[in-house]
Structures are given as C-alpha cells and as structure tokens.
Amino acid sequence: MAEILTTAHNAKRMYRFDLTQRLVARLTKNEAVVGGIGHTNFDLWSAGHRAQNFYMLGSMGLAIPIALGVALAQPDRKVFALEGDGSLLMQLGCLATVATLAPKNLTILVMDNGVYQITGGQGTPAAGGADYAAIARGCGLPNAGWAADEADFERLVQQCLETDGPHFIGLKLDDQGPVTQTERDPVQIRDRFMRGMGAKKSKLPG
Amino acid sequence: MESAGRAWHQIVIDVLKANEVRLIPYVPDNVLKPLIAGIHADPFFEAFTVAREEEAVGIVAGAVMAGRRGMVLMQTSGFATLANVLASLPCAYQIPVLMMVSERGTLGEFNIGQAAVWRTMRPTLESLAMPYHVVTRLDECEFVVDRTIRQAHLTQQPAALILSPLLTGGKSVTPKVVAQ
Ligand SMILES: Cc1ncc(C[n+]2csc(CCOP(=O)(O)OP(=O)(O)O)c2C)c(N)n1
C-alpha cells in the first residue's frame, strides 16, 4: 500500500504542551532550544526549565534567527527553534537564509494553530491556504514536512537528533492554551542560557 | 592613532579581527562595498546576506550567547526597521550585538527617501539609550571602532557604529541622475 502523505490538511491537530514535553524528553545531549514569542516559550518553560533553553519575550519572528546564530556558533550542538505560525509569517525570509547556510545541527519546529493565540486568537493571513512546510520546501529545505500525529512527531524528532539538517517539522495544533507563563526576567534568561551553552563561566551559583 | 595608509575598510577589518568578531550578516549598501568585499575575501570571517536586518540582529544575538561574536552591516534605512527588535532583544537581554551603519541621507544625499529616514536614526538610538559613535575621521577610525567594540563586550550592551560620509565619501551625487 502506498504511504499516505501527511499534508497541512490531514495532519492531526495536537496539543502544544504535550508535543513540547515529548521533544524535551528526547533531549539527552544538552541540545539548545529557543522558544519564540508567546506560547511556544511558555510551554517550553512549563515543560521544565533547562539551562539550554532560551525564552524569547519580545522580538516577534526571531526565534529561528536566534537559533540559527546559536547553531552557527556551536556546530557540534543540536539546536531546536520552536516558532509560532504568526511569528514565522512575520519573518519568512529567514527560511531562505537557513537553506542557504544549511547548518547541519538546526531543526525548525513550527507550531501552527492558525491564529495569534496570545493576542486573542485572531486568524492569521495564512487562512487563504499558505502551507508552511511547502513554503520551507520552496525556500530550499526539501525535506520539510508535517507531522501526522504524536508518534510521527517522535519519530521525526529522533531523526533530527540522529541525522544532519537543517530540518523543518510543521505541527498542526488544537486550540488549547499554554499551561503557565515564563518568568519574564530577560537578563537572567540570557545569563543562564549562556552558562547552558558554556559561553559564560563564573563562580556565581545558578 | 596610526592608520598607516590603510583605507577605512581595512582598518575596520583589522579591528574586527583583533576583537575576534567573526560573524557578519548583512543587507548590502553601496558605500559598504569595499568592506563587504574585504570581509568575504578573508577566511577569518563568516559573512552572508540576510533577507531583513531584524533577522541579522537575531542571528548575532544567538551567536553571541553561544560564544561567537558578530556584527551586522546595514545602511540607515535598514537601521530604521529595527527599533522593536533592538529594544526587546539586545537591549532587554543585555546582549552585545554590534551594528555598523553606513550613513545615507546626509551631506549630499540625492534620494529624498534616504534623507527622510536619516532623521529617525539618532532619535531612535537616543531613545533606546544605545551606545553609539559616529566615525568621521580616518585617523580616529581605529580608536573609535576598537573601543566601541570592546566596551560593548565588557559591559554586555549592544552598540552602533555609524560610518559618516566624512569618513567614507558617501554615495556621491551623480550629475546625470536627476531623480531617483
Ligand atoms: C512586531 C510585533 N507585532 C505585534 C506584536 C504583538 N504580538 C505578540 S505575540 C503575537 C502573536 C504571536 O502569534 P504566533 O506566533 O502564531 O503564536 P501564538 O500566540 O499563536 O502562540 C502578536 C501579534 C509583537 N510582539 N511584535
């Protein structure tokens, strides 16, 4: 039987917090994770703080560029960007940059709920049919695709951990909100992330 | 300060290397051409174009936090797209993202759009309380660029270096071009 291709239309709508927990549970090598504005970083925080997590609080659309910078700086560390669909739409050009630079250690996860959930659930201008995985392929990331369901997501994450990227996984979300909110202390977030990356060492604890 | 017959762009390259600033994402500008060419020609650097200046700020912020220094190259109009991301990323998180801005819109500008956007640059830098210096003289170029980069890293603050037409010659008015 021919394999059924997962598309934006038949991908299962999943729960962002559950997916985030499944991702974090598979990270065993101090992989970096950059959470984008709003609910992607809230659920990353809720999944349990790790020193290698960066929670982005304001600069909408920059989760992928920040993760790209980390990936270029540390080619031996796997780096994951968790970005919302509305946020990606604001900075689509970064997919072309990622494809051109082709960092082997970068994975992009797009959390697509079709709305700007944190500002009240207004629909994004992608409602006309924009397909983020297809856009990513068009930008030069030929293996970009949608996760069919939770088991498929786990399989794809494992593939990202074990093979060279850049990788792109689209995730269709249900309409559930985040579990808690990130503690908004940017300087502390930066300091801890730098220690988590081994880029800062000092005798101060924490 | 010794500039030893070096052009401004060679001085900038020497200072970047001395300060271990390797990652150079940029959106091009005509005045920056010799600097961009010099950077691409030197394997010390990792230089590449990006779609928007905002993206470059994110890339350098991520790289700096992971231990690799970088600087974004742009022109004045590019800087004008950045207030939100500068305020909420390098300023709020205290990340030494360096920027080098080729100053268009003044001292002989022929493009009214460039002249209009030029007026927003200093007020934006001032209101962000972001350290910046304008480089106007070849004999001061090394000192200003070097000290600005060092201070940014020592104090964990972003900083902007503005390259004045007084230094670079700017983009000259072409007599044949009446309007653009
Ligand atoms: C440049 C800019 N415009 C608007 C906002 C306001 N804003 C903050 S989060 C957000 C929505 C983010 O949507 P998405 O990335 O899809 O994530 P979700 O809220 O659905 O989790 C908006 C519009 C902002 N922070 N920055």
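These figures come from a predicted structure and were not determined experimentally.

**Section: the overall build of chain A**
So, step 1. Along the backbone of chain A there are eight helices and eight strands.
So, step 2. Its C-alpha atoms give chain A a radius of gyration of 16 Å, near enough to 17 Å, the size a compact globule of 206 residues would have.
So, step 3. Its C-alpha atoms give chain A principal-axis dimensions of about 60 × 35 × 30 Å.
So, step 4. At a minimum sequence separation of 6, the contacts of chain A that also span at least 24 residues come to 72%.
So, step 5. For chain A, the accessible area works out to roughly 8,800 Å², and carbon and sulfur atoms hold 52% of it.
So, step 6. Placing the 20 positive and 20 negative side-chain charges of chain A at their respective mean positions leaves the two points 8 Å apart.

**Focus on the pattern of salt bridges**
So, step 1. Taken as a whole and judged by the stated rule, the model has 20 salt bridges over all chains.
So, step 2. Between R22 of chain B and E20 of chain B there is a salt bridge, and its shortest N-O distance comes to 3.3 Å.
So, step 3. Under the relative-accessibility criterion, R22 of chain B is labelled partly exposed at 25%.
So, step 4. For the salt bridge of E140 of chain B with R137 of chain B, the shortest nitrogen-to-oxygen distance reads 3.8 Å.
So, step 5. According to the relative accessible area criterion, E140 of chain B is partly exposed, its value standing at 36%.
So, step 6. Using a relative accessible area of 42% as the deciding quantity, one classes R137 of chain B as partly exposed.
So, step 7. Linked through salt bridges whose partners overlap, the residues forming this network are D18, R22, R26 and E154 of chain A.

**Focus on the UniProt feature "domain: Thiamine pyrophosphate enzyme N-terminal TPP-binding" (unreviewed entry) in chain B**
So, step 1. Feature annotation in UniProt places "domain: Thiamine pyrophosphate enzyme N-terminal TPP-binding" (unreviewed entry) on residues 10–105 of chain B, given in this structure's numbering.
So, step 2. The span residues 10–105 of chain B shows a helical share of 48% and a strand share of 23%, and its end C-alpha atoms are spaced 24 Å apart.

**As for the site of the ligand**
So, step 1. Taken together, 17 residues sit near the ligand, with D85, G86, S87, Q117 and I118 of chain A positioned nearest.
So, step 2. Each of chains A and B places residues near the ligand.
So, step 3. Here an oxygen atom of the ligand sits 2.8 Å away from a polar atom, N or O, in the main chain of G86 of chain A.
So, step 4. For the ligand, an oxygen atom lies 2.9 Å from a polar atom in the side chain of N113 of chain A.

**Brief notes about the sheet that holds strand β4 (residues 98–102) of chain B**
Residues and elements named next belong to chain B.
So, step 1. Taken in spatial order, the six strands of this open sheet run β2-β1-β3-β4-β6-β5, and their pairing is parallel. Both edges of this open sheet fall to β2 (46–49) and β5 (132–135), since each of them pairs with a single strand only. The mean angle between the axes of side-by-side strands here comes to 20 degrees, regardless of whether they run parallel or antiparallel.
So, step 2. Of the pairings in the sheet, the one linking β5 to strand β6 (residues 159–163) comprises four bridges and is parallel in character. When the sheet's bridge partners are listed, H133 is paired in β6 with L161.
So, step 3. Sheet strands touched by helix α7 (residues 121–128): β4, β5 and β6. Its angle to β5, the strand with the most contacts, is close to 150 degrees.

**Structural notes on the environment of R16 of chain A**
All names here are of chain A.
So, step 1. Note on placement: R16 falls in helix α1 (residues 16–25).
So, step 2. Spatially, the C-alpha atom of R16 lies 20 Å from that of Q52, the residues being 36 residues apart in sequence.
So, step 3. If near-sequence neighbours (up to four positions away) are discounted, R16 is found in contact with H39, T40, D43, M111, N113, Q117, L173, Q176, G177 and P178.

Thresholds applied
Residues numbered from 1 in each chain as written. Chains lettered and ligands numbered in written order. Predicted model: local features only at pLDDT ≥ 70, side-chain atom pairs only at ≥ 80, totals over all residues. Heavy atoms only, no water. Helix = DSSP H or I, 4+ residues; strand = E, 2+ residues; numbered from the N terminus. Rg over C-alpha atoms; globule rule 2.2 N^0.38 Å. Contact = heavy atoms within 4.5 Å. Areas by Shrake-Rupley, 256 points an atom, 1.4 Å probe, with all protein chains shown as cover. Lys, Arg positive; Asp, Glu negative; His and termini not counted. Charge placed at Lys NZ, Arg CZ, Asp CG, Glu CD. Salt bridge = Lys/Arg side-chain N within 4 Å of Asp/Glu carboxyl O. Buried < 20%, exposed > 50% of the residue type's maximum accessible area, 1.4 Å probe, protein only. UniProt positions renumbered as here; feature names shortened; annotations may be inferred. Near = heavy atom within 4 Å. Polar contact = N/O pair within 3.5 Å; in protein donor to acceptor, adjacent residues only side chain to side chain. Pairing = 2+ DSSP bridges. Axes fitted to C-alpha atoms, helices over the stretch in contact; angles between N-to-C directions.

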